[in-house]
Amino acid sequence: MTTTVPTDMFQQSTEELISGSEAIAIACALADVDVITAYPIRPYDTVMQYVSKLKADGAFDCDFIVAESEHSQFEIVKHASAVGARTFCGSSGVGWFYAFEAITVTAGLRMPVVAMVGNRALDDPGAFGVEHNDAMAVRDLGWHLYWVATAQEAMDIALLAWRVAEDRNVLLPFAISCDGSFLTHSQAIVQVPTREQVNRYLPGYNRHELQLHPDNPITVAPQVNEDWLMEIRRQTDEAMRRAVGVIYEAYDEFKEVFGRGDPSPFIEEYMTEDAEIILVGMGTLAMPTRVAVRRMREQGKKVGFVRVKFFRPFAVEEVQNALRGAKGIAVIDRDYSYGSPSFGGVLFHELRSTLYPLPERPLMLNFIAGLGGREVMVRDVNEMVETIEKALETGKIEQETTWINVRE
Amino acid sequence: MSTLAVEVVYRGIFQKTLARNIVRSIVFAARKDGKIGTAFGRYGDSPERNGIPAKQFAIVADDPEELEESLAVYQATNVDVTINVDDTMCKGIESWAWYGLQPINELTKPGGTLIVTSRQQADALLDDIHPKESPYNLSIVTGIPSFSGLWVYKDDHTDVRVLGALCKVCPELVSLDAMLETIEEQMGGGTKVVSAQRSYERTGARPVEPGEGGNRREMKFTMPGWKSMEEGLVIRAIPEGGEFAEGEGGYVPGRSDVFKKFSTRSMRPVVNFETCIKCTLCWLQCPDTCFDVTPDGLYDANMEACCGCGVCEAVCPVPDCVTMVNEAEFNDNDSQWQWWQKDKDGYNKWMTDLVEQQKAETRTHGFHHVGGYAQEIQAAEAD
């Protein structure tokens, strides 16, 4: 394990104008991460640039390994995590996919790797704009999956990520999803906490009896046949169930130590109280959606917005409670699932499944928007609301899924 | 209305094609009798390894619906006939697919038959076999086990002789006529048909009473549930080894209680402790760390851990100091060194006689081409 170099950085809380990527890099320094692996791909690569600069500036010390591919990048942190090193890595789009052999096993082996996914289109030649399908690929694999909306949130959730992932009752990896460009490359005012605050919040990483060490001789990951796999999956399932409670606890304490945060770690509610129509989405599209909601409220429309923050674990009850009573739900997906029910997006299906047990189910429509980095604008949100208003009025759904702002 | 099941217990890789020939021929022959069937290997065995016991099955039914019924349990829990193509597996089998030692007759139905290819007599085989609560029959196809590697097939008629015997002991499974026709069509016919026919005629069955059988060795384990299992795919290391007994010296390496390797063995090393020069090579080269270092600096192969690969024999520089001997000669896994300690003359005589006898043996253990292939290799080289 590396030791922290003496530094006078982070003695005082400061206000910085930084991007989401820089915010996460600073979180790495504050959390005194031991092993960081890197391999360049846009937009994730901004993080590795800032991390290496912070290390060079003496903000913290770590083993900073530039691997020869994403596959090795994720293998290295998986192994480093086994010996008790706090780890960070990340990738984007097809780079993230190239590492999948390591990514899938990381959860089963219960390695609390924290990764930043700079959301990127899955490379229809060269496309690098934001799309959520890349990070979505771990939704069934035992990774925490969180979509941040601001640079401040990126820093805060990174700190929470190690706290939750490394909890002995959890030990599951954590993917912080950041919209390419809108979050990774846009600078905003961020409150940077002190090292003292972070040390108070974030205990050291200790795998206890699972730590690979000469004093604790164990084998990790032997051959697994059908005799064992269901039990292993069930254990991972249980750890993810326990993560829910750990997240609440960690978030409460976060608010206490750092003095900021939302009422809930899982969702953000905006003007939902008496809303008849509620929009639901993830990531940076929250900003134009909130603006649109505000303007519609001014016109007397009862509209609200719910931002899903944790996609995994998914807070079913919180989402149900937030959406209960609304007549129409408009789900905005910055992703797609070809051939899926309604030919819609992933979030839409998740919400329909969440709302199915309600005694009075709302009308639901799905909007595919902002793929490949195309902007989601206020007028797009207006269009969504108008569409659902019409459906509510006539009681007729013309089409469940609508592609927004697509040329015909 | 009937469904019949046959299992073939074979040594992984070395006898894979043999097992496959047997189960496929059963299904082909059953088709000729107007039945339907399926043949498959146990999937859990599929990362097959040299010599590790494995299984293939043939299921034959009167009609497709009945076949489907029986396949609702994919891995048969009982079979009408168990075919064991290496008699050393009569001692029980520890497979890649399960934990513990499974008696060779574990799946044999009450009144079913166990067919073994062997040169031993029934009583000698029964010494090796676990007793069963229900009666069954033991049938022997006389011959040495047919061993070859992955890339070669030892076409010594073992397959057709087993098939002939099968028609005799379980006529309701498949008729001899159908089987002979299948052999003619699928396996080249000629002398093979004659071999099958003769095997049919010669095969008898010895009834085995409940409780009969000399093997009392149990090796069963309870698999932990997800609540008690270690998390993160972690397996605790086996505690380090130590001295033979406190203060005695020597070194016994730590070994797993739940995973042994001895049922993989078809030949075992026998050591001449008098001529051993303590060169350490067997101990060093053994891939399974199965040599205990004795307090007097000799090397004693632990028979719970030895898989019978023969590396020790191959690296030993002293003639006849380590000799691989037919596993069928033994009824236990006891220490040779301890016997030699207690009764040097007795051990030395037994050991030298056995080594001499082995020189006339044609048995091979599959790991490398000795014994059974000596003539073939010579002939090939002469060409």
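First things first, this report covers the structure right here in the doc. (Residues numbered from 1 in each chain as written. Chains lettered and ligands numbered in written order. Predicted model: local features only at pLDDT ≥ 70, side-chain atom pairs only at ≥ 80, totals over all residues. Heavy atoms only, no water.)

**Some words on the overall build of chain B**
Consideration 1: Along the backbone of chain B there are 11 helices and 12 strands.
Consideration 2: Since a compact globule built from 383 residues should have a radius of gyration of about 21 Å, the 22 Å found for chain B is in line with a globular shape.
Consideration 3: Seen through its principal axes, chain B has C-alpha atoms that stretch 70 × 65 × 40 Å.
Consideration 4: Buried positions account for 52% of the 383 residues belonging to chain B.
Consideration 5: Counting only contacts in chain B whose residues sit at least 6 apart along the sequence, the fraction spanning at least 24 positions is 76%.
Consideration 6: Averaging the positions of the 37 positive and the 58 negative side-chain charges in chain B gives two centres separated by 1 Å. (Helix = DSSP H or I, 4+ residues; strand = E, 2+ residues; numbered from the N terminus. Rg over C-alpha atoms; globule rule 2.2 N^0.38 Å. Buried < 20%, exposed > 50% of the residue type's maximum accessible area, 1.4 Å probe, protein only. Contact = heavy atoms within 4.5 Å. Lys, Arg positive; Asp, Glu negative; His and termini not counted. Charge placed at Lys NZ, Arg CZ, Asp CG, Glu CD.)

**Here we look at the pattern of salt bridges**
Residues and elements named next belong to chain A.
Consideration 1: One pass over the full model with this rule turns up 49 salt bridges over all chains.
Consideration 2: Arg86 is the salt-bridge partner of Glu166, the closest N and O atoms lying 2.7 Å from each other. Here Glu166 is found in the loop between helix H7 (151–165) and strand S7 (174–179), whereas its partner Arg86 is found in the loop between helix H3 (70–82) and strand S4 (87–91), with 80 residues between them in sequence.
Consideration 3: Under the relative-accessibility criterion, Arg86 is labelled buried at 7%.
Consideration 4: Note that Glu196 and Arg200 form a salt bridge whose closest N and O atoms lie 3.0 Å from each other. (Salt bridge = Lys/Arg side-chain N within 4 Å of Asp/Glu carboxyl O.)

**Considering the nonpolar core**
Consideration 1: In this structure, Phe88(A), Trp96(A), Trp143(A), Trp162(A), Phe174(A) and Ile176(A) are the most contacted members of the largest nonpolar core, which totals 111 residues.
Consideration 2: Apart from residues no more than four positions distant in its own chain, Phe174(A) is found in contact with Val113(A), Val114(A), Ala115(A), Trp143(A), His144(A), Tyr146(A), Ile157(A), Leu160(A), Ala161(A), Ala165(A) and Phe310(A).
Consideration 3: The next biggest cluster of nonpolar side chains, apart from the first, holds 38 residues, and it includes Ile26(B), Cys170(B), Ile183(B) and Met187(B). (Core = buried A, V, L, I, M, F, W, Y, C linked by side-chain atoms within 4.5 Å.)

**Comments concerning the interface of chain B and chain A**
Consideration 1: On the chain A side, the residues contacting the 18 residues of chain B number 25 residues.
Consideration 2: Carbon and sulfur atoms supply 59% of the area that chain B and chain A bury against each other, a total of about 2,000 Å² over both sides.
Consideration 3: The largest per-residue losses of area from chain B upon contact with chain A belong to Trp226(B), Glu231(B) and Leu233(B), which jointly make up 38% of the total buried on that side.
Consideration 4: Inspection of the region where chain B meets chain A yields three salt bridges.
Consideration 5: Here Arg168(A) makes a salt bridge to Glu231(B), at a shortest N to O gap of 3.0 Å.
Consideration 6: Counting every contact that joins chain B to chain A gives 12 residue pairs in polar contact (both at pLDDT 80 or more).
Consideration 7: Bridge count between strand S9 (residues 218–220) of chain A and strand S8 (residues 234–236) of chain B: three bridges; the pairing is antiparallel. Across the sheet, the residue bridging to Val220(A) is Val234(B), located in S8(B). (Buried area = accessible area lost by both parts, 1.4 Å probe. Polar contact = N/O pair within 3.5 Å; in protein donor to acceptor, adjacent residues only side chain to side chain. Pairing = 2+ DSSP bridges.)

**A word on the sheet that holds strand S15 (residues 363–368) of chain A**
Two strands in a sheet stick together by hydrogen bonds in their backbones, pointing the same way (parallel) or opposite ways (antiparallel).
Residues and elements named next belong to chain A.
Consideration 1: Across the sheet, six strands lie side by side as S10-S12-S11-S14-S15-S16; this open sheet has mixed pairing. The open sheet is flanked by strand S10 (267–270) and strand S16 (401–403), the only strands paired with a single partner. Going from strand to strand, the sheet's axes swing by 20° on average, the running direction of each strand aside.
Consideration 2: Contacts from helix H11 (residues 316–323) reach S10, strand S11 (277–281), strand S12 (303–308) and strand S14 (328–333) within the one sheet, and its direction differs from that of S10 by about 5°.
Consideration 3: Its contacts with the sheet place helix H13 (residues 378–394) against S11, S12, S14 and S15, and it is angled at close to 150° to S15. (Axes fitted to C-alpha atoms, helices over the stretch in contact; angles between N-to-C directions.)

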